[in-house]
Amino acid sequence: MKAAIVGSSGYIAGFLLKRFAEEKEIVQTLKIDQTDSADVRLNLAEPEKFDYSVLDDIDFIVFTAAISGPDQCAKDFDFCWNINVTGTVYFIRKALEKNCRVLFFSSDAVYGDIEGYIYDEESVTAAVTPYGKMKKAVEDEFRGCPGFKAIRLSYVASAKDRFVSYCLSCMKENKTAEIFHPFYRNCTVVRDVTDVVCYLALNWDVYQPVFLNVAGRELVSRVRMADEMNRFLKKKLDYKVVVPEEQFFINRPKITQMKSLYLHKYHIIADESFTVKFRNELEEIIL
């Protein structure tokens, strides 16, 4: 199998590249991005200029590229829509015409903000934030296409994610971290994401649904994550809980609770607690 990653310089893409290199059935991975490290450059603002002939022998494409900042998507809506929807749809359509299988990275933001509701793969998508509307637009465009599937990610924790990196920098500099609360997600971890992607790459036809929620089984706050770090790391994080202004929650819900009907039904990932999974992610920095 020959694979390609669109957005190859991104946070999760870096982990995917390492994982693909370990998979014997994936013999080549094409890196597609705007950066100099890419094998082929792609500007999603001008997708018509891309040389789609490079996809002629590609079997599987992971589309991770996006402007993902919720506030930026709200502030620069038209610009972000052009990248996250117009350019993305153009590229995916061309890839499907080449008979590539396309796995699109979506988000729990597609669901909306119904208080107390637990979303699953069969829930109606009714995005309320600009970022969520963009992800939903791409999903809706290709819903039902046999070569298209999407994984909906909750917050993806790792030793290198934005929140953990912030906490580690506060430890290093002996600063008190400010932890926003309430702010809850069914956090997953990056190893589970790479497991899911590899499973779908190798078992595309086995997994029948179009969508797959990639979420942990527990609803986790940022305070919980900070406390878990303090359980495992010798140098403790000093933090204070901060209640964000309501403006902060305009573009991101306080709570998005999501579960999967299929992750464990198809035996895709291990059914373990967030504590176990998060500790495994922190192994490289546990002193």
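Please refer to the structure placed before this passage.
Bear in mind that the values here come from a model prediction, so they are computed numbers and not experimental data.

A.B. asks: Looking at this model, I keep getting lost on the overall build of the protein chain. Mind explaining?
C.D. replies: Along the backbone of the protein chain there are 8 helices and 15 strands. Taking 19 Å as the expected radius of gyration for a compact globule of 287 residues, we find that the protein chain reaches 19 Å, a close match to that expectation. By principal-axis analysis of the C-alpha atoms, the protein chain measures approximately 55 × 40 × 40 Å. Evaluated residue by residue, the protein chain yields a buried proportion of 52% over its 287 residues. Sequence separation of 24 or more characterises 78% of the internal contacts of the protein chain that already satisfy a separation of 6 or more. Carbon and sulfur atoms provide 49% of the accessible area of the protein chain, an area that totals close to 13500 Å². Computed over 38 positive and 42 negative side-chain charges, the separation of the two mean positions in the protein chain equals 3 Å.

A.B. asks: What exactly am I supposed to notice about the side chain of Asp108 here?
C.D. replies: With respect to the helices and strands, the residue Asp108 is situated in the loop between strand S5 (101–107) and strand S6 (118–119). In this structure, Asp108 is buried with no salt-bridge partner, the nearest side chain bearing the opposite charge being Arg185 at 4.1 Å. For Asp108, the side chain forms a polar contact with the side chain of Ser107, separated by 3.4 Å. When sequence neighbours within four positions are dropped, the list of residues in contact with Asp108 reads Arg152, Leu153, Ser154, Arg185, Thr256 and Met258.

A.B. asks: Can you help me understand the sheet that holds strand S13 (residues 220–221) in this one?
C.D. replies: Paired through their backbone hydrogen bonds, the strands of a sheet run either parallel or antiparallel. Read across the open sheet, the 4 strands follow the order S6-S15-S10-S13; overall the sheet is mixed. Unpaired on one side and paired on the other, S6 and S13 mark the two borders of the sheet. Of the pairings in the sheet, the one linking S6 to strand S15 (residues 255–258) comprises 2 bridges and is parallel in character. Paired with Tyr119 across the bridge in S15 is Met258.

A.B. asks: Would you mind going over the sheet that holds strand S2 (residues 28–33) with me for this structure?
C.D. replies: Pairing is parallel across the open sheet formed by 7 strands, whose spatial order is S3-S2-S1-S4-S5-S7-S12. Each of the sheet's edge strands pairs with one partner strand only, and the pair in question is strand S3 (40–41) and strand S12 (211–214). Contacts from helix H4 (residues 130–142) reach S5, strand S7 (148–153) and S12, with the element oriented near 155° to S5. Here helix H6 (residues 190–202) sits on the sheet and contacts strand S4 (60–63), S5, S7 and S12; the angle it forms with S7, its principal contact strand, is near 170°.

A.B. asks: What is the right way to read the packing of helix H3 (residues 77–97) against H4 from this model?
C.D. replies: A pair of packed helices can be characterised by two numbers: the angle between their axes and the separation between those axes. Two elements in contact, H3 and H4, have axes whose closest approach is 10 Å; the angle formed by their N-to-C orientations is 20°. It follows that H3 is roughly parallel to H4 by the angle criterion. Classified by chirality, the crossing of H4 by H3 is right-handed. Together, Phe77, Cys80, Trp81, Asn84, Val85, Thr88, Val89, Ile92, Arg93 and Leu96 of H3 and Pro130, Tyr131, Lys133, Met134, Ala137, Val138, Glu141 and Phe142 of H4 make up the contact between the two elements.

A.B. asks: Even after reading the chapter, I still don't get empty space enclosed by the protein, so can you show me in this structure?
C.D. replies: Vacant regions in the atomic arrangement are exposed by a probe of water-molecule size rolled over the atoms. Scanning the entire structure with this criterion turns up 1 cavity of 30 Å³ or more. Put simply, the largest cavity is a space of about 90 Å³. Residue lining of the largest cavity: 14 residues in total, with Ala215, Gly216, Arg217, Glu272 and Lys277 positioned closest to the centre. For the lining of the largest cavity, the residue count by class is 5 nonpolar, 3 polar and 6 charged.

A.B. asks: Explanation requested: the environment of Pro209 in the structure shown.
C.D. replies: When you line up the elements, Pro209 lands in the loop between H6 and S12. Separated by 90 residues in the primary sequence, Pro209 and Tyr119 place their C-alpha atoms 16 Å from one another. Dropping the residues within four chain positions of it, Pro209 is found in contact with Lys149, Tyr262 and Tyr266.

A.B. asks: Whenever I open this one, the nonpolar core confuses me. Can you help?
C.D. replies: Most often, soluble globular proteins have nonpolar side chains that are buried together. Judged by nonpolar contacts, the single largest core of 35 residues is most densely connected at Val6, Ile32, Leu55, Ile61, Phe63, Phe91 and Ile92. Contributing elements (two or more residues each) for this core: strand S1 (2–6), S2, S4, H3, S5, H4 and S7. If you tally residues by element for this core, the top one is H3, at 8 residues.

A.B. asks: Would you mind showing me how to read the pattern of salt bridges here?
C.D. replies: Opposite charge on two side chains allows them to pair when their charged atoms are near. What the rule picks out here adds up to 22 salt bridges. Notably, a salt bridge pairs Asp57 with Lys2, separated by 3.0 Å at the nearest N-O pair. Here the residue Asp57 occupies a position in the loop between S3 and S4, and Lys2 occupies one in strand S1, the gap between them amounting to 55 residues. Judged by its relative accessible area of 40%, Asp57 is partly exposed. Two residues, Glu178 and Lys240, come together in a salt bridge whose shortest N-O distance is 3.7 Å. A residue pair is termed long-range when its members are at least 10 positions apart, and Glu178 in strand S9 (residues 177–180) and Lys240 in strand S14 (residues 239–242) qualify at 62 residues. Its relative accessible area of 39% is what places Glu178 among the partly exposed residues. Shared partners join several salt bridges into a network, and the residues in it are Glu218, Arg224, Glu228 and Arg231.

Here is what the cut-offs are and how they apply
Residues numbered from 1 in each chain as written. Predicted model: local features only at pLDDT ≥ 70, side-chain atom pairs only at ≥ 80, totals over all residues. Heavy atoms only, no water. Helix = DSSP H or I, 4+ residues; strand = E, 2+ residues; numbered from the N terminus. Rg over C-alpha atoms; globule rule 2.2 N^0.38 Å. Buried < 20%, exposed > 50% of the residue type's maximum accessible area, 1.4 Å probe, protein only. Contact = heavy atoms within 4.5 Å. Areas by Shrake-Rupley, 256 points an atom, 1.4 Å probe, with all protein chains shown as cover. Lys, Arg positive; Asp, Glu negative; His and termini not counted. Charge placed at Lys NZ, Arg CZ, Asp CG, Glu CD. Salt bridge = Lys/Arg side-chain N within 4 Å of Asp/Glu carboxyl O. Polar contact = N/O pair within 3.5 Å; in protein donor to acceptor, adjacent residues only side chain to side chain. Pairing = 2+ DSSP bridges. Axes fitted to C-alpha atoms, helices over the stretch in contact; angles between N-to-C directions. Parallel < 35°, antiparallel > 145°, perpendicular 65-115°, else oblique. Left-handed = near helix turned anticlockwise from the far one by under 90°. 1 Å grid on protein atoms, 1.4 Å probe; cavity = no way out; pocket = protein on both sides within 12 Å on 5 of 7 lines; lining within 4 Å. Points joined across faces, edges and corners; volume = space filled by probe spheres on them. Nonpolar A, V, L, I, M, F, W, Y, C, P; charged D, E, K, R; others polar. Core = buried A, V, L, I, M, F, W, Y, C linked by side-chain atoms within 4.5 Å.

Note that every value here comes from positions in space, so none of it alone points to a role or purpose.
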